[in-house]
Amino acid sequence: MHITVPMPETREASKLGRKYFLFTAATMITLIAAVLFLFWLLRSADLELRNVLLSETRIVAGSVNLSRISALTGTEEDLHSPDYLRLKEQFSRMRAANKRFRFIYLIGRNPDGSIFFFVDSEPAGSENESPPGQIYTEASPALHHVFQNQQETVEGPYTDRWGTWVSAFVPLVDPETGELLAVLGMDVDGKRWRQLIIRQAAFPLGLVSIILLLGIFSFIVLRSRARLRLSDKRYRQLFEENNDAIFIADLQTRKFVDCNKRAQTLTGRTKQEILSMFADQLHPEDVVVETMEGFKRQASGELKTIDSQVLTKDGRRLYVSINSTILEIEGKAHLMGVFRDVTEGKDAEKALKASEEKFRSLFEHSPDGVLLIHPQQGIFDCNAAALKMFGLSRKEELMDKHIGIDFSPDTQPGNVPSQALRRKYIEQVYQKGVASFEWVYERQDKSTFTAEVVLSTVTYSGEPVLQAVLRDISTRKQIEEALRNSEAQLSNAVMIAHLGPWVYDVINDVFTFNDAFYAIFRTTAEQVGGYTMSGAEYARR
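Read on for an overview of the structure. (Residues numbered from 1 in each chain as written. Predicted model: local features only at pLDDT ≥ 70, side-chain atom pairs only at ≥ 80, totals over all residues. Heavy atoms only, no water.)

**Quick look at the overall build of the chain**
Next, step 1: Helices and strands together make up the secondary structure of the chain, namely 17 helices and 20 strands.
Next, step 2: The buried share of the chain, reckoned over its 541 residues, is 37%.
Next, step 3: Summarising the internal contacts of the chain: among those between residues at least 6 apart in sequence, 45% fall at separations of at least 24.
Next, step 4: For the chain, the accessible surface area stands at approximately 32,400 Å², while carbon and sulfur atoms represent 56% of it. (Helix = DSSP H or I, 4+ residues; strand = E, 2+ residues; numbered from the N terminus. Buried < 20%, exposed > 50% of the residue type's maximum accessible area, 1.4 Å probe, protein only. Contact = heavy atoms within 4.5 Å. Areas by Shrake-Rupley, 256 points an atom, 1.4 Å probe, with all protein chains shown as cover.)

And the structure:
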């Protein structure tokens, strides 16, 4: 009998093959699970965004005055209707307040089943405006279903003459008759919708990507120690097709020894150009020291990722998030850096910061008093003009208080209870988004002043709050009262003196008389034929 005893190298290769098979199988299972998880994640993000869109459309629908819709005809006659103009202005403001929505509109249905536009958020005369009565020929079966069953829905992406959209539709029904008055539609651009889905799923998706990436690189490191050539093809494919830029540099000299395609795209350089560079040259001079120190802290385990900048070939600065690790290649230590381009996010962060600074500047320097109010907790911020109005010197004196309670007399003009009126205006704000009114406030020294108030809902740090803008009109009120008193005195003087004044309208050639005038001539308005007459008639008499 001849027995072949495997050589140690053969046994080692066999063990390596089994380990490779098991590891490959585990990797494939993980990848499949990751793909399934990704699809589930994107689907969940899509459903959640649709629920949010439908909820926001309901809120807008709740702010629409149904009586204004009932007054519309769906024809060109509406162009001069105050109700049409008010709805158009309301939709335009809502659309300007939330750029995520491209169109906000009301649509109705004719007896023949065709769907037409009542009013939309586009500027009058603009290219994309839908005038009243315009037929929406591309209306989908889902939209017809909304009219037939009065059931709200979100559909899309679908395409019409204006583009590709994801749209929410909410029927507006007369609560007394149950009659369908119109359907409110709000559109989000299809491309924007995909971006929102990706953004919604970005964090868990990134986490899964990092876990997979670490697993893949662990596999590469393990295989390179035993048989680097065997895994080179698979490693190279994963390496080259990675969505993040990967750079590998000699740990001692810091000179690059390898990079993938994404690294070339990120820097705008060829692979040969990158391999002729050192790691220090990849970054702007003012961040090199900080970046190199970050690499050291990553190697020691103090940091997982560092934020830095990459200098492209054409001189542009790109913001990157770097995850680096030390690996051994052919017995020599190398530093591998995985660079993720986060420039777009940084630019958005800067824009948000600039917007917040602009708001703060307008807030602080406004000549009107501005207060931000939490519905339950009270005032949490105000500007200097508001403090001055209430005769205060520190914001703390207003914090956590309610101006409609703590700084108001018991009643308003007309002997109306302040608290009842306050609840009415707050309810109006939540229904229509804004309320304008006059209010008498009481300072701590019991002196009062009258203010024009614009109360509206705004979003602050992701939470809905109330914003009150106050303008002191006490002086104007005093002038108006003095004018009324003067007019009353003049009227009394005329009556006492038995004067018979008349007024002549030069433009229309019409005289207007009163009873005192007719009494002087011992006649009456009934005998003459009224209180007005033309200039020719007056001359004839």
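Additional details are given in the paragraphs that follow.
**Here we look at helix α4 (residues 141-149)**
Next, step 1: Along α4, the residues classified as buried are L143, V146 and F147. Burial along α4 is one-sided: seen end-on, the buried residues are contained in an arc of 95 degrees. Among the exposed residues of α4, those oriented more than 90 degrees off its buried face are P141 and Q148.
Next, step 2: For α4, the secondary structure elements touched by its buried residues are β1 (103-109), β2 (115-120), β3 (153-160), β4 (163-173) and β5 (180-189).
Next, step 3: Immediately downstream of α4, the backbone of Q150 shows phi near 55 degrees, a positive value. (Arc of directions from axis to C-beta.)

**With respect to the side chain of T291**
Next, step 1: Tracing the backbone through its elements, the reader meets T291 in helix α9 (residues 285-299).
Next, step 2: T291 has contacts with H283, I306 and S308, leaving out every residue within four places of it along the chain.

**What about the nonpolar core?**
Next, step 1: L53, I69, F91, L106 and L184 are the most contacted members of the largest nonpolar core, which has 34 residues in total.
Next, step 2: Secondary-structure elements contributing two or more residues to this core are α1 (8-62), α3 (82-97), β1, β2, β4, β5 and α5 (190-200).
Next, step 3: Counting residues per element, this core draws most heavily on α1, at seven residues.
Next, step 4: In contact with F91, not counting residues within four places along its chain, are V64, I104, Y105, L106, V119, D120, S121 and L184.
Next, step 5: With 26 residues, the next largest nonpolar core counts M389, L392, Y425 and L455 among its residues. (Core = buried A, V, L, I, M, F, W, Y, C linked by side-chain atoms within 4.5 Å.)

**Considering the sheet that holds strand β15 (residues 434-442)**
Next, step 1: What the five strands build is an open sheet, ordered β12-β11-β17-β16-β15; its pairing is antiparallel. At either margin of the open sheet sits one strand with a lone partner, and together these are β12 (378-382) and β15. Strand-to-strand twist of the sheet, defined as the mean angle between neighbouring strand axes without regard to direction, takes the value 35 degrees.
Next, step 2: One ladder, built from four bridges, connects strand β11 (residues 369-374) with β12; its direction is antiparallel. In the strand pairing of β12, H374 is matched with G378. (Pairing = 2+ DSSP bridges. Axes fitted to C-alpha atoms, helices over the stretch in contact; angles between N-to-C directions.)

**Examining the pattern of salt bridges**
For side chains bearing opposite charge, pairing can occur when the charged atoms are close.
Next, step 1: Applying the stated criterion to the full structure yields 27 salt bridges.
Next, step 2: E89 serves as the salt-bridge partner of R93, at 3.3 Å between the closest nitrogen and oxygen. Highlighted residues: R93 and E89, both in helix α3, separated by four residues, approximately one helical turn.
Next, step 3: By relative accessible area, E89 is classed as partly exposed at 43%.
Next, step 4: Put simply, E364 and K395 hold a salt bridge, and the shortest N to O gap is 3.4 Å. Here E364 is found in helix α10 (residues 343-365), whereas its partner K395 is found in the loop between α11 (384-389) and α12 (403-406), with 31 residues between them in sequence.
Next, step 5: Several salt bridges share partner residues, and in doing so they unite E438, E452, R476 and K477 into one network. (Salt bridge = Lys/Arg side-chain N within 4 Å of Asp/Glu carboxyl O.)

**Observations concerning the sheet that holds strand β9 (residues 317-329)**
Next, step 1: Spatially, β7-β6-β10-β9-β8 is the arrangement adopted by the five strands of the open sheet, whose pairing is antiparallel. One side of each edge strand has no neighbouring strand; the edge strands of this open sheet are β7 (256-259) and β8 (306-311). Sheet twist, expressed as the average angle between the axes of neighbouring strands with direction ignored, equals 35 degrees.
Next, step 2: Direction of pairing for strand β6 (residues 245-250) relative to β7: antiparallel, over a ladder of three bridges. Considered in β7, the bridge of A249 is made with F256.

**Here's the deal with the environment of Q148**
Next, step 1: Relative to the helices and strands, Q148 resides in helix α4.
Next, step 2: With relative accessibility at 54%, the residue Q148 sits in the exposed group.
Next, step 3: The sequence separation of Q148 and G113 amounts to 35 residues, and the corresponding C-alpha distance is 9.8 Å.

**Some details on the pairing of β5**
Each regular strand shows side chains that alternate between the opposite faces of the sheet.
Next, step 1: Most of β5 sits out of view: nine of its ten residues are buried.
Next, step 2: In the sheet, β1 pairs with β5 via five bridges, with the strands oriented antiparallel. Across the sheet, Y105 pairs through a bridge with G185, a residue of β5.
Next, step 3: Bridge analysis of β4 against β5 gives nine bridges, and the strand direction is antiparallel. Its bridge partner being in β5, V170 is matched across the sheet by L184.
Next, step 4: With antiparallel pairing between neighbouring strands as the criterion, β4 and β5 make up a hairpin whose turn holds six residues, including G178 at a positive phi of roughly 75 degrees.

**What to know about the packing of aromatic side chains**
Next, step 1: Tallying each qualifying case throughout the model produces 17 aromatic pairs.
Next, step 2: Measuring from centroid to centroid gives 6.4 Å for Y425 and W439, while their planes differ by 70 degrees, and the two rings are edge-to-face. With Y425 in helix α13 (residues 418-432) and W439 in strand β15, this pair connects stretches of sequence that are 14 residues apart.
Next, step 3: Classification of Y425 by relative accessible area gives buried; the value is 13%.
Next, step 4: Members of the aromatic cluster, connected to one another through ring pairs, are F390, F407, Y425, F437, W439, Y441 and F449.
Next, step 5: Seen from the ring of F103, R102 lies directly overhead, with NZ or CZ sitting 4.3 Å from the centre. (Phe/Tyr/Trp six-rings, centres within 6.5 Å; stacked < 30°, edge-to-face > 60°. Lys NZ or Arg CZ within 6 Å of the ring centre and 35° of its normal.)

**Topic: unusual backbone geometry**
Next, step 1: The omega angle of the peptide bond from G156 to P157 is 5 degrees, so this bond is cis rather than trans.
Next, step 2: The topology assignment puts P157 in strand β3.
Next, step 3: Not every positive phi belongs to a glycine, and K446 is a case in point at roughly 75 degrees.
Next, step 4: Its location among the elements puts K446 in the loop between β15 and β16 (448-460).
Next, step 5: The exposure class assigned to K446 is exposed, which follows from its relative accessible area of 58%.

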